[in-house]
Amino acid sequence: MHAFRPLLRKPLFNLLAAALAVGALLAPRIANAEALLLIEADSGKVLQADNATIPWYPASVTKIMTAYVTLKAVKDGKITLDTLLTVSPTAASQSPSKMGLRPGTQLTVDNALKMMMVKSANDMAVVLAEGLGGSIDGFSVMMNDTAKKLGMTQTNYVNPNGLPADGHVTSARDLGILARSFLRDLPEYEYFVHIPAIRFGKRVTGNFNKLIGRYPGADGFKTGFICASGYNLVASATRNGRRLIAVVLGANSGTARAVKAAQLLERGFSQDNLSWLRPSLGTVENLVPVDASPPNLREEMCGGHRKRPASDDDDALIATNGTGSGSLTGGAAPVTFFTAGLQPPLMKASELMASAPEAAEPVVVYTGPTRTGAALVAAVAADSDQQTPPKARGKKSRTAKKPDAGSDAKTAAAKPAAAKPDAAAKTDAKTAAKPTASKHAAAKPADKPAASGDQAAKPAKPKAATKPKPAPNNS
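Worth saying up front: this structure is predicted, and the values here are computed from it rather than measured.

Novice: Explain the overall build of the protein chain to me, please; I cannot follow it from the model alone.
Specialist: From N to C terminus, the protein chain includes 17 helices and ten strands. Classification of the 475 residues of the protein chain by burial places 48% in the buried group. Residue pairs in contact within the protein chain that sit at least 24 positions apart in sequence constitute 69% of those at least 6 positions apart. Within the structure as shown, the protein chain displays about 22,900 Å² of accessible surface, and the carbon and sulfur contribution to it stands at 58%.

Structure follows, in structure tokens:
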């Protein structure tokens, strides 16, 4: 009998090894560090799902729920879009991306929502949370109660903006449910999820969602990024009356997530007439949650190999336009490859995302109560005056800034005399031209604040002042 034991052990070992191999194939491919989901907005039908039920750190896509809870309160008559909220020290202390408003500043729910959804402003998310829930913790309870009602069984919120926190998780499945709920329950406020850009004082900020204004029919939703989650995006688009929702979690750049979302959407629209060839994946609510820990992508996203710090507004084009990537086909790979010969070719999403967005007038946002007409113009001017206070620069830059500080003729006239010794080393023509340029600058002091001051020592300084440009956006 003992002689047979090695023989018995070998088949048992082989059986165990085979079982482990099959288990590895069937297990969720967390190693891909990416989750993808594509669903129909109206029906909730799943068109593609890859790691869609694995827990994930949501980052700033959290703000979709913050907006949902806030706008639901508006719809229910608990607050209005004109309700004034106050920036608290807690809100002002949030990490970027943020508007950077000082504690005590007041603004409306409407403007706070626009700032939060377009610029992904973490401070505005806290302003809304404290205004509705009394505190971050109080509002988190409201968020979690709402998530439970919507059937988001894999989601738990700890804050309203998605900054790193223990226990703050979701999944692609739950984000698909949330996006569908937003469109179904709040159609009159859908505008907040596809504003192309905002103008706050002198600053113009474009939507971090690169599909807006680039991908045909793009009409929502929200981006997100923290080191642990990678680059996340919930996006929607409508074509021929059919609306699709794509979720991309864990992409390796801001452009990569947009490219992959565009590819998912394009594939979904292209396969509209081939649905009978694909096995049904059911609805998003019926996807079975996976009990696992969220992958932590910190080293991959924010390790030393990065040439610059990663952020939600990342323009690096890392994704390719190929469709053979396992992360793009994922769980639907057999179907994708089987029908590939029958599909029209996918659009060049990478080229589309690298192009400039369609021209669109930025939506004006401002502090203070709701205003119109001349009062709105005055509010915008006041916000402009409060922005970007002068920073300590080199001696040359301080010399260039002196005309900005005083608009009287004496201050402006004094400048050419101080600058002449430097100009004399140049040509006589430049020296002779300086008094004329100085008088022109003194006659138009309103143009001076737009000058950058970076080339203060050059004689062409007054000319640069006639070309006002908005200050660069903060990411």
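Continuing now.
Novice: What's the story with the sheet that holds strand β5 (residues 197-200) in this structure? I'm lost.
Specialist: Where strands meet in a sheet, backbone hydrogen bonds hold them as pairs that are either parallel or antiparallel. If you trace the three strands from one edge of the open sheet to the other, you get β6-β5-β10, paired in mixed fashion. At either margin of the open sheet sits one strand with a lone partner, and together these are β6 (203-206) and β10 (363-365). Sheet twist, expressed as the average angle between the axes of neighbouring strands with direction ignored, equals 30°. Bridge count for β5 against β10 is three bridges, and the pairing is parallel. Bridging across to β10, Arg199 finds its partner in Val364. Sheet contacts for helix α4 (residues 109-119): β5, β6 and β10; angle to β5, the most-contacted strand, approximately 125°.

Novice: When you look at unusual backbone geometry in this model, what are you seeing that I'm missing?
Specialist: Excluding glycine, residues mostly have negative phi values, and the peptide bonds linking residues are mostly trans. Residue Ser97 follows Pro96 across a cis peptide bond; omega there is 5°. Within the element layout of this structure, Ser97 appears in the loop between α3 (89-92) and β4 (106-108). With omega at 5°, the peptide bond leading from Gly220 into Phe221 counts as cis. Its location among the elements puts Phe221 in strand β7 (residues 218-226). Located in the positive-phi region is Asn51, a residue other than glycine, with phi close to 60°.

Novice: Honestly, the pairing of strand β2 (residues 46-50) in this entry has me stumped. Any pointers?
Specialist: Look at any regular strand and the pattern is simple: side chains alternate between the two faces of the sheet. Of all five residues in β2, five are buried; the element is thus mostly enclosed. One ladder, built from four bridges, connects strand β1 (residues 35-40) with β2; its direction is antiparallel. Bridged to Ile39 within β2 is Val46. Where β1 hands over to β2, the hairpin turn is made up of five residues, of which Gly44 adopts a positive phi near 80°.

Novice: How should I be thinking about the packing of helix α5 (residues 122-133) against helix α6 (residues 136-150) in this particular structure?
Specialist: Each pair of packed helices can be summarised by the angle the axes make with each other and by the distance between the axes. With their axes 8 Å apart at the nearest point, α5 and α6 run at an angle of 80° to one another. Our classification of the angle between α5 and α6 gives roughly perpendicular. Contacts between α5 and α6 involve Val126, Ala129, Glu130, Leu132 and Gly133 from the former and Ile136, Gly138, Phe139 and Met142 from the latter. Looking at the contact of α5 with α6 residue by residue, the classes come out as six nonpolar, two polar and one charged.

Novice: Would you mind showing me how to read the environment of Arg203 here?
Specialist: Inspection of the secondary structure assignment puts Arg203 in strand β6. With relative accessibility at 12%, the residue Arg203 sits in the buried group. Sequence-wise, Arg203 and Asp383 are 180 residues apart; in three dimensions their C-alpha atoms are separated by 9.9 Å. Within the structure, the side chain of Arg203 is placed 3.5 Å from the backbone oxygen of Met99, a separation counted as a polar contact.

The rules we used
- Residues numbered from 1 in each chain as written.
- Predicted model: local features only at pLDDT ≥ 70, side-chain atom pairs only at ≥ 80, totals over all residues.
- Heavy atoms only, no water.
- Helix = DSSP H or I, 4+ residues; strand = E, 2+ residues; numbered from the N terminus.
- Buried < 20%, exposed > 50% of the residue type's maximum accessible area, 1.4 Å probe, protein only.
- Contact = heavy atoms within 4.5 Å.
- Areas by Shrake-Rupley, 256 points an atom, 1.4 Å probe, with all protein chains shown as cover.
- Pairing = 2+ DSSP bridges.
- Axes fitted to C-alpha atoms, helices over the stretch in contact; angles between N-to-C directions.
- Parallel < 35°, antiparallel > 145°, perpendicular 65-115°, else oblique.
- Nonpolar A, V, L, I, M, F, W, Y, C, P; charged D, E, K, R; others polar.
- Polar contact = N/O pair within 3.5 Å; in protein donor to acceptor, adjacent residues only side chain to side chain.

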